[in-house]
Amino acid sequence: MRHRMAHLLAPHSHETADKVDSALESSARGVRALWVSLVVLGVTALAQAVVVVVSGSVALLGDTVHNTADALTAVPLGIAFVLGRRVATRRFTYGYGRAEDLAGLVIVLTIAASAAFAGWTAVDRLLDPRPVQHVPAVAVAALVGFAGNEWVARYRIRVGRSIGSAALVADGLHARTDGFTSLAVLLGAGGSALGWHLADPVVGLAITAAIALVLRDAAREVFRRVMDAVDPALVDRAERALTEVPGVRGVGELRLRWIGHRLRAEVAVVVDGGATVREAHRIAVDAEHALLHAVPRLTAALVHADPEPAPGESDPHLPLAHHIAA
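Summarised in this report is the structure supplied together with it.

## Notes on the nonpolar core
Within the largest apolar cluster, 29 residues are counted, with the highest numbers of intra-cluster contacts made by Leu34, Leu77, Phe81, Ile111, Leu168, Ile211 and Ala218. Every element with two or more residues in this core is listed here: α2 (16–55), α4 (74–84), α5 (99–127), α6 (135–163), α7 (166–193) and α8 (199–226). Counting 26 residues, the second-largest nonpolar core is a separate cluster that includes Leu263, Val267, Ala294 and Ala301.

Here you go:
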């Protein structure tokens, strides 16, 4: 009764068209976040490039390259979001949402390349120290780089978590690594201004280590998504919601998986063995409805109704046992 009253007070629909509209809206938010990020980072890199030409700073040149690469990571992720809007086909029966996971892998590789480049540049500077020219201009450009990257990082991470896109969150973490690199340029320039030419490469090595830590977190997030990992708390929430559905006498196998930034569920519920097909179907529909309410970003659930076992009755799934074992 409580569930039905809440549904009446906040009416909405779970029709297929409405699910598609919600998915398209989340994809549109992701594409918009990428375009905004591309513009902000493009302006940041252009401003830094002007200072590079004037100052000849190798450290700032590396930072500019990082920002340019970070802006370009929007391309594969943007393609993934556009692909994710396409409807399912007879070949891709689940749609194209997993393209986001492929984009996430590309982003992780880009972060790794940035870390390798930052480390190589720092080692080269350590072996061949050089003074930084036009320190005030380099310092201002470094601050601009940090501010631009940090703003983009916060924006991407916020939108990514809001729509459930691990790839967009990883892209936001990548932007944050380039912000760290900008701070390294600032600290290195300050050390050079004080006459310590090794300051730039030493700080560069420290920032490379920080980038490696961010790389580990981003890679772990994308790896879990590729392997269909979900937060166990979502599974607990789904089980609680199912046990509260009238007619559900038990919850069997429950599976959740991400397809892009949307969730799908497969679950078996136990119902009265004497229930008619229509009654069992009604319970299954109520169970799916409860899941759609309880699990954020869930767009569909396949609910299978199993009859409650009777004394002396053999397992109805016994004919499938040898297929499952194989």
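## Details of the pattern of salt bridges
Between side chains of opposite charge, pairing is possible as soon as their charged atoms come close. Following the criterion strictly, the structure yields eleven salt bridges and no others. The partner of Asp101 in a salt bridge is Arg98, with the nearest N and O atoms 2.6 Å apart. Between Asp228 and Arg257 there is a salt bridge, and its shortest N-O distance comes to 3.3 Å. Of the two residues, Asp228 is situated in the loop between α8 and α9 (232–243) and Arg257 in strand β1 (residues 250–259); the sequence distance between them amounts to 29 residues.

## Quick notes on the pairing of strand β3 (residues 298–307)
Note: strand β2 (residues 262–271) against β3, nine bridges, orientation parallel. Across the sheet, the residue bridging to Glu266 is Leu302, located in β3. Note on the crossover from β2 through helix α10 (residues 277–294) to β3: the handedness is right-handed.

## Quick look at the sheet that holds β1
Spatially, three strands are ordered β1-β2-β3 in an open sheet, and the strand pairing comes out mixed. Bordering the open sheet on either side are β1 and β3, each of which pairs with just one other strand. Sheet twist, expressed as the mean angle between neighbouring strand axes with direction ignored, is 15 degrees. Of the strands in this sheet, β2 and β3 touch α10, which is tilted by about 145 degrees from β3.

## Structural notes on the environment of Ala112
Within the element layout of this structure, Ala112 appears in helix α5. The spatial distance from the C-alpha of Ala112 to the C-alpha of His174 is 9.6 Å, given a sequence separation of 62 residues.

## Let's talk about the packing of α9 against α10
Across the interface, α9 lies against α10 with an axial gap of 9 Å and an inter-helix angle of 140 degrees. If you check the angle between α9 and α10, you find them oblique. For the pair α9 and α10, the crossing hand works out as right-handed. Residues Arg237, Ala238, Ala241 and Leu242 of α9 lie in contact with α10, whose contacting residues are Ala287, Ala290, Leu291 and Ala294. Residue classes in the contact of α9 with α10 are distributed as seven nonpolar, no polar and one charged.

## Examining the packing of aromatic side chains
Where two aromatic rings form a pair, the distance of their centres and the angle of their planes describe that pair. Under the defined criterion, the tally for this structure stands at two aromatic pairs. Taking 4.8 Å as the distance between ring centres and 40 degrees as the angle between the ring planes, the aromatic pair formed by Phe92 and Tyr96 counts as tilted. Taking NZ or CZ as reference, Arg86 lies 4.6 Å from the ring centre of Tyr96, over its face. The ring centre of Trp258 lies 4.2 Å from the NZ or CZ of Arg225, which sits over that ring.

## A closer look at a nonpolar patch on the surface
Together, Val123, Leu126, Leu127, Trp196, Leu198, Val202 and Leu205 give the surface a local cluster of nonpolar side chains, amounting to about 620 Å² of exposed area. Among the elements of the structure, α5 and α8 are those that each provide at least two residues to the nonpolar patch. Per-element accounting of the nonpolar patch gives the leading share, three residues, to α5. Structurally, the position occupied by Leu198 is in the loop between α7 and α8. On the accessibility criterion, Leu198 (32% relative accessible area) is partly exposed.

Rules and cut-offs
Residues numbered from 1 in each chain as written. Predicted model: local features only at pLDDT ≥ 70, side-chain atom pairs only at ≥ 80, totals over all residues. Heavy atoms only, no water. Core = buried A, V, L, I, M, F, W, Y, C linked by side-chain atoms within 4.5 Å. Buried < 20%, exposed > 50% of the residue type's maximum accessible area, 1.4 Å probe, protein only. Helix = DSSP H or I, 4+ residues; strand = E, 2+ residues; numbered from the N terminus. Salt bridge = Lys/Arg side-chain N within 4 Å of Asp/Glu carboxyl O. Pairing = 2+ DSSP bridges. Right-handed = clockwise from strand over helix to strand, strands pointing away. Axes fitted to C-alpha atoms, helices over the stretch in contact; angles between N-to-C directions. Contact = heavy atoms within 4.5 Å. Parallel < 35°, antiparallel > 145°, perpendicular 65-115°, else oblique. Left-handed = near helix turned anticlockwise from the far one by under 90°. Nonpolar A, V, L, I, M, F, W, Y, C, P; charged D, E, K, R; others polar. Phe/Tyr/Trp six-rings, centres within 6.5 Å; stacked < 30°, edge-to-face > 60°. Lys NZ or Arg CZ within 6 Å of the ring centre and 35° of its normal. Patch = residues over 30% accessible without salt bridge, like charges linked within 9 Å, V, L, I, M, F, W, Y side chains within 5 Å. Areas by Shrake-Rupley, 256 points an atom, 1.4 Å probe, with all protein chains shown as cover.

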